[in-house]
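For reference, the chains in residue letters:
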Amino acid sequence: MLIGNGVYVLSRTDYPEIAELPPPELLGWAIATYGEKLAIATSFQASGMVILDMAAKLSKSFRVITLDTGRLPQETYQMMETVRSRYGFRVEVVFPDPV
């Protein structure tokens, strides 16, 4: 599904052949299929960090994106820095448009 600016969000139902893959294999498929066009969005909480770590063990060719609402706790910024230094990712920070 196109959500704008050439960004697509895919679900497992879009590709029945991957519907039952375990997470590491699903990430491997996504990296092999989309390469540098793949972006993983995370809020740097536990589940997002598990996904980033699994994906980083397979490749470093994908993008990492997060939304900064201006109300994030300091720990989130510290985790962003940890991700940058540990994995070498450039974290793309997106800010919402002001109202």
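Refer to the structure printed above.
Computed from a predicted structure; not experimentally measured. (Residues numbered from 1 in each chain as written. Predicted model: local features only at pLDDT ≥ 70, side-chain atom pairs only at ≥ 80, totals over all residues. Heavy atoms only, no water.)

Quick look at the overall build of the chain
Counted only if it meets this: Note on conventions: DSSP H or I runs of at least 4 residues are helices, E runs of at least 2 residues are strands, and numbering of each starts at the N terminus. Exposure categories follow from relative accessible area, calculated using a 1.4 Å probe and restricted to protein chains: below 20% of the type maximum is buried, above 50% is exposed, and the middle band is partly exposed. The contact definition used throughout considers only heavy atoms, calling two residues in contact when any of these lie within 4.5 Å. Using a 1.4 Å probe, accessible areas were evaluated by the Shrake-Rupley method; residue-level cover was limited to the displayed protein chains. Neither His nor the chain ends is counted toward charge; the positive residues are Lys and Arg and the negative residues Asp and Glu. One atom stands in for each charge, and that atom is NZ of Lys, CZ of Arg, CG of Asp or CD of Glu.
Per the secondary structure count, the chain includes three helices and five strands. Over its C-alpha atoms, taken along the principal directions, the chain stretches across nearly 40 × 35 × 20 Å. Counting across all 99 residues of the chain, residues that qualify as buried make up 28%. When contacts within the chain are restricted to residue pairs at least 6 apart in sequence, those whose partners lie at least 24 apart make up 57%. Surface exposure of the chain reaches about 7000 Å², of which carbon and sulfur atoms provide 57%. Counting 9 positive and 11 negative side-chain charges, the chain places the centres of these two groups 5 Å from one another.

Section: the nonpolar core
Using the following cut-off: Residue types Ala, Val, Leu, Ile, Met, Phe, Trp, Tyr and Cys, when buried and joined through side-chain atoms within 4.5 Å, form a set referred to as a nonpolar core.
By size, the foremost hydrophobic cluster in this structure holds 17 residues, and its most contacted members are Phe 44, Leu 52, Phe 62, Val 64, Val 83 and Phe 89. For this core, the leading source of residues is helix α2 (residues 46–58), giving four residues. Setting aside residues up to four positions removed in sequence, Phe 62 forms contacts with Ile 31, Gly 35, Leu 38, Ile 40, Leu 52, Ala 55, Ala 56 and Phe 89.

Examining unusual backbone geometry
At Phe 44, a residue that is not glycine, the phi angle is positive and equals roughly 65°. Summarising the element assignment, Phe 44 is placed in the loop between β3 (39–41) and α2. For Phe 44, a relative accessible area of 5% puts it in the buried group.

Brief notes about the side chain of Asp 68
The criterion, for reference: Each salt bridge in this description consists of a side-chain nitrogen of Lys or Arg and a carboxyl oxygen of Asp or Glu lying within 4 Å of one another. Under this definition, polar contacts are N or O atom pairs within 3.5 Å; protein pairs additionally need one hydrogen-donor-capable and one acceptor-capable atom, and for neighbouring residues in sequence, both atoms have to be side-chain atoms.
Mapping Asp 68 onto the fold places it in the loop between β4 (63–67) and α3 (74–87). Within the buried core, Asp 68 has no salt-bridge partner, and the shortest N-O distance to an opposite charge, that of Arg 84, equals 8.5 Å. At 2.8 Å, the side chain of Asp 68 and the backbone nitrogen of Gly 70 are in polar contact. Within the local environment of Asp 68, its side chain forms a polar contact with the side chain of Tyr 77, the two groups lying 3.0 Å apart. In this view, Asp 68 contacts Tyr 77, Val 93, Val 94, Phe 95 and Pro 96; residues no more than four positions away in its chain are not counted.

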